[in-house]
Amino acid sequence: MALSDSQIERYSRHIILKEVGGKGQQKLLSSKVLIIGAGGLGAPIALYLAAAGIGAIGIADADDVDLSNLQRQVIHFTPDIGKPKVISAKEKIQAINPDVEVRTYHHWINAANIMEIIKDYDFVVDGTDNFAAKFLINDACVLAGKPYSHGGILQFVGQTITVLPGKSTCYRCIFPTPPPRTPSPPAPRPESSESCRGSSAPYRPPRRSSFSWEKGNFWPGGC
Ligand SMILES: [Zn+2]
């Protein structure tokens, strides 16, 4: 697919980078990224991916925009209060870049639907705010062989990991089990004996966890 004159102008700052170039921009325009969570993490990610010319962006979030969201969830504006976050995000993405196809999922991602949703995407972004979802996304992406980026934040501390299934550690390699229900972030456990790195065997989540978040929101093999 050749770039149009307006696309060459829009993406000129990408195209002049030898690491991207016209072919790289065409690759971005033909790529599909799923963002799970349109909140504090997913909002700025969606804005930047839209501006960069990702061809298809999926956004999954069951929540509506609330006044208290606006201080950090920068894709949502004051007139959007009460609107589904996925609709608010879709409107902004389309305003930024009409090249982007936006697919919305106005429901929670859970163990029953995640495999069906992620199969259509090249890359997944975890912008969720709870450990159950983060373990679910990790396990599903590792099982499906989908590269994904995890993001987490608590007050002034942030954390990000990009997982390449079969090539890198995954979230469970670092955090074998979810933490207890406390406001403190989990302590890293880099010496975990459970690892999927470099393994040619099919991935199986560790089974020693006693984790018991609400049913249906956790990969069933995880505990
Ligand atoms: Zn792992």
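Structure shown above.
Residues numbered from 1 in each chain as written. Predicted model: local features only at pLDDT ≥ 70, side-chain atom pairs only at ≥ 80, totals over all residues.

Student: Tell me about helix α7 (residues 131-144), residues and numbers included.
Tutor: The first and last C-alpha atoms of α7 sit 20 Å apart over 14 residues, in line with the 20 Å expected at 1.5 Å per residue. Extensive coverage of α7 is indicated by the burial of 11 of its 14 residues. Looking at the buried side of α7, the elements it contacts are β1 (32-36), α6 (114-118), β4 (123-126), β5 (148-154), β6 (157-163) and α8 (171-174). Among the residues trailing α7, G145 stands out with phi positive, at a value near 70°. (Helix = DSSP H or I, 4+ residues; strand = E, 2+ residues; numbered from the N terminus. Expected span 1.5 Å × (residues − 1). Buried ≥ 20, exposed ≤ 12 C-beta atoms within 10 Å, placed from the backbone. Contact = placed C-beta atoms within 7 Å.)

Student: Explain the nonpolar core to me, using residue names and the numbers behind them.
Tutor: Proteins that are soluble and globular tend to have nonpolar side chains buried together. Formed by 40 residues in total, the largest nonpolar core has its most connected members in L34, I35, A46, I57 and V124. Within the residue set of this core, elements represented by two or more residues are β1, α4 (42-52), β2 (56-60), α5 (85-96), α6, β4, α7 and α8. Counting residues per element, this core draws most heavily on α7, which supplies eight residues. (Core = buried A, V, L, I, M, F, W, Y, C linked by C-beta atoms within 7 Å.)

Student: How would you sum up the sheet that holds β6? Please name residues and give values.
Tutor: Overall, mixed pairing links the six strands, which are arranged β3-β2-β1-β4-β5-β6 in an open sheet. For this open sheet the edge positions go to β3 (101-105) and β6, each flanked by a neighbour on one side alone. Neighbour-to-neighbour, the strand axes of the sheet open up by a mean angle of 15°, direction not taken into account. Relative to β3, β2 runs parallel, the two sharing five bridges. For G58, the partnering residue across the bridge sits in β3 and is R103. Contacts from α5 reach β2 and β3 within the one sheet, and its direction differs from that of β3 by about 175°. (Pairing = 2+ DSSP bridges. Axes fitted to C-alpha atoms, helices over the stretch in contact; angles between N-to-C directions.)

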